[in-house]
Amino acid sequence: MKNKWMKMDGYWWLVEILLFTVYQCALWICKLCAALCLPYMVLPYFDWQDSAVASTTAGSSITTTNTTTTTTTNATIATATVTSQALPTNQTSQTTQAAVAASTVTPSEEIPHGWERRLTNEGKAFYMDHNTRSTSWSLPSKKTSKKMELVASTTSIQAQEQDDSLPPGWETRRTADGKIFFIDHNTRTTSWAHPGKSEIPLPLGWEAREHSDGRIFYIDHNTKSTQWVDPRLELKNKPTAKIEYDRNYRQKYINFRTTLKQKPNMPKEFRWQVSRSRLLEDSFNAIMSVKDTQLLKSRLYVTFEGESGLDYGGLAREWFYLLSHEMFNPYYGLFEYSASDDYTLQINPDSGLCNENHIQYFKFVGRVCGMAVYHAKLVDAFFIRPFYKMMLRKKIVLKDMECVDVEFHNSLKYLLDNDPEPLSLNFTATKDHFGEVTEVELKRGGGDIVVTESNRKEYVELMLKWRFKDRINAQMNAFLDGFSKLVPLNLIKVFDEKELEYLMGGLAEIDVEDWKKNTNYLEYAATAQPIVWFWKAVETFDNETRARLLQFVTGTSKVPMNGFSELQGSNGPKKFTIKKFGAVDSLPCAHTCFNRMDLPPYKSYYDLKEKLKLAVDNTEGFEIE
């Protein structure tokens, strides 16, 4: 027996090591269990909803036993039941009561929305953020809470949305209800307004929302109604606040139309009949026979000889269209095409040789154009830019000559850039009258005045005045006399020369795909990133901005009858061209005589779009070739 125990004593050290290992494992298991259970014992969190406190206070059922204690409340943690085992009855009851008491505390501090104040078992206050499901020992401020709530509600819904039109450092996100807002990481601020769009604020009580198909509609909370039309376009002459000047043609057009009102006690209609074979002559006799031009402002009823039809606007519209082709046909000698293309018109200075009664015909053309503007019809004709400037009584500059006669333009520009004395010029202009060349003095005694560096600017100004005004002064005055009988000239001064072109000739629908197919590139590939961004910007533009862009590069917003493939330049057909040229901090440059635009290699879509719009809206004074 003794030997047996002596043998066991030899292995006692092994038993001690085994017991010590078991003890250490048990100790680590206890620590792990304590760490896992501690949040539920110290920071009880019964529900993430605001009704958790009320439901917990309303009633809780606590059942305890000597061996197993189960705590059950109406507001549970993720619908789970918390069970505590091998705890004394009195200890479990105290813990549960402390948890319930902590959830029903009504703090005196002003707590931000979505936050809750609770107490630990030791009575220490902590704060629970239901927005981010986090806890904090310190009382949060309202500003911090709102920012955390906004960020948390967006990051959990969807990831960042890409918007190329945003400036660098900006980001687009959505709130929980789907409303878009913008984050500026440069200043760490947020905004509901798009940073790349400076819009006129909506009237008081209005709200803009996005339809399921992506269209924007507007809600008037004052009358509880909705509409598709932007209410800012219907403000007319009653703006809610002083606004800055805006190149919004549609807004100007609405304001313009409200001022064109028919005088009371006038005839309700004006009827006349024309023959399609004698359209110009019959129309001239009918319109010019009217002594009181106020009659031309009444309802128009036109009938074509030998045709039965009721005019509810369609026949009058057809009459304006057909008559435009007759009046502006160079065959009749009243107008001629500019030297740069065969679709922009200018007054023929020799119109008197083709028609002895040409002054009356120009007055007739003015009346017809005035009728078209008054009755919101269109004339199928586009004039050179100086023509619209003369209607607005604006000064004509050298750049206006570029889209009319490129050779004459280049000659005058050379004169301004070089010493004119070797050319031996004087203040006279030459006039070619059917092969007979005569000299016309630009100023009294101009034949004896030599052009020098000191007076060359005056020479260029007088030459432009003679070229565009003096030669056609009688015809232009007759046209304006007829036009002003229906539309006062002071009313159209709200428009610039480009917008006046839209007013009279309309905004033609521009086919971007046809435009893209008939575009040439110099030092750019069609797949180059700036080119891709350029066409993306064009596609986002409305029709007015596209027309302005086309007018910026080609000199006119009119597209040839057969599309962009027949676009004309100074020396015949010339397609729309984009050339890689210029520094990235400069604006695009247009050369209207070549239908070419110099586009710098911008580094971002936003930069390209903003500089392109800036150049298009401020074309006066940009570099010319």
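Quick note: structure is the one above.
Right, let's walk through the structure included here.

Parameters and conventions
- Residues numbered from 1 in each chain as written.
- Predicted model: local features only at pLDDT ≥ 70, side-chain atom pairs only at ≥ 80, totals over all residues.
- Heavy atoms only, no water.
- Helix = DSSP H or I, 4+ residues; strand = E, 2+ residues; numbered from the N terminus.
- Buried < 20%, exposed > 50% of the residue type's maximum accessible area, 1.4 Å probe, protein only.
- Polar contact = N/O pair within 3.5 Å; in protein donor to acceptor, adjacent residues only side chain to side chain.
- Contact = heavy atoms within 4.5 Å.
- 1 Å grid on protein atoms, 1.4 Å probe; cavity = no way out; pocket = protein on both sides within 12 Å on 5 of 7 lines; lining within 4 Å.
- Points joined across faces, edges and corners; volume = space filled by probe spheres on them.
- Nonpolar A, V, L, I, M, F, W, Y, C, P; charged D, E, K, R; others polar.
- Pairing = 2+ DSSP bridges.
- Axes fitted to C-alpha atoms, helices over the stretch in contact; angles between N-to-C directions.
- Core = buried A, V, L, I, M, F, W, Y, C linked by side-chain atoms within 4.5 Å.
- Expected span 1.5 Å × (residues − 1).

Topic: the side chain of Gln551
- Mapped onto the elements, Gln551 comes out in helix H19 (residues 543–554).
- When its relative accessible area of 2% is taken as the criterion, Gln551 is described as buried.
- A distance of 2.5 Å separates a polar atom in the side chain of Gln551 from a polar atom in the side chain of Glu501.
- Of note is the side chain of Gln551, whose polar atom sits 3.4 Å from the side chain of Tyr502.
- Apart from residues no more than four positions distant in its own chain, Gln551 is found in contact with Arg385, Lys498, Glu501, Tyr502, Thr556 and Ser557.

What to know about empty space enclosed by the protein
- Under the counting rule described, the total for this entry stands at four cavities of 30 Å³ or more.
- Roughly 80 Å³ of internal volume is contained in the second largest cavity.
- In terms of lining residues, the second largest cavity is bounded by Gln346, Ile347, Pro349, Ile384, Phe387, Met390, Arg467, Phe468, Arg471 and Ile472.
- Contributing elements (two or more residues each) for the lining of the second largest cavity: strand S16 (344–347), helix H11 (385–391) and helix H14 (456–468).
- Its residues assigned to classes, the lining of the second largest cavity shows seven nonpolar, one polar and two charged.

Quick notes on the sheet that holds strand S10 (residues 206–210)
- Read across the sheet, three strands follow the order S10-S11-S12 without closing on themselves; strand pairing throughout is antiparallel. Two strands bound the open sheet, and with one partner strand each, they are S10 and strand S12 (225–227). Neighbour-to-neighbour, the strand axes of this sheet turn through a mean angle of 30°, independent of strand direction.
- Pairing analysis gives five bridges linking S10 to strand S11 (residues 216–220), with the strands arranged antiparallel. Its bridge partner lying in S11, Trp206 is registered against Asp220.

Here we look at the pairing of strand S4 (residues 115–119)
- Within S4, four of the five residues are buried, which leaves the element mostly enclosed by the surrounding structure.
- Across five bridges, S4 lies against strand S5 (residues 125–129) in antiparallel orientation. Bridging from a neighbouring strand, Glu116 pairs with Met128 of S5.
- The turn linking S4 back onto S5 is made up of five residues, and Gly123 within it adopts a positive phi angle of 90°.

Describing the nonpolar core
- Ranked by size, the top nonpolar core spans 112 residues in total, and within it Trp319, Phe328, Phe364, Met391, Met504, Phe534 and Leu549 carry the most contacts.
- For this core, the element with the most residues is helix H10 (residues 358–374), which contributes 10 residues.
- Here Met504 is in contact with Cys369, Val373, Leu378, Val379, Phe383, Tyr388, Met391 and Phe479, once residues within four sequence places are set aside.

Thoughts on helix H20 (residues 605–617)
- Taking 1.5 Å per residue, 13 residues should reach 18 Å; H20 reaches 18 Å between its end C-alpha atoms and fits that length.
- Taken together, the buried positions of H20 are Tyr605, Tyr606, Leu608, Lys609, Lys611, Leu612, Ala615 and Val616.
- The inward-facing, buried residues of H20 contact helix H18 (529–540), H19 and strand S25 (596–599).

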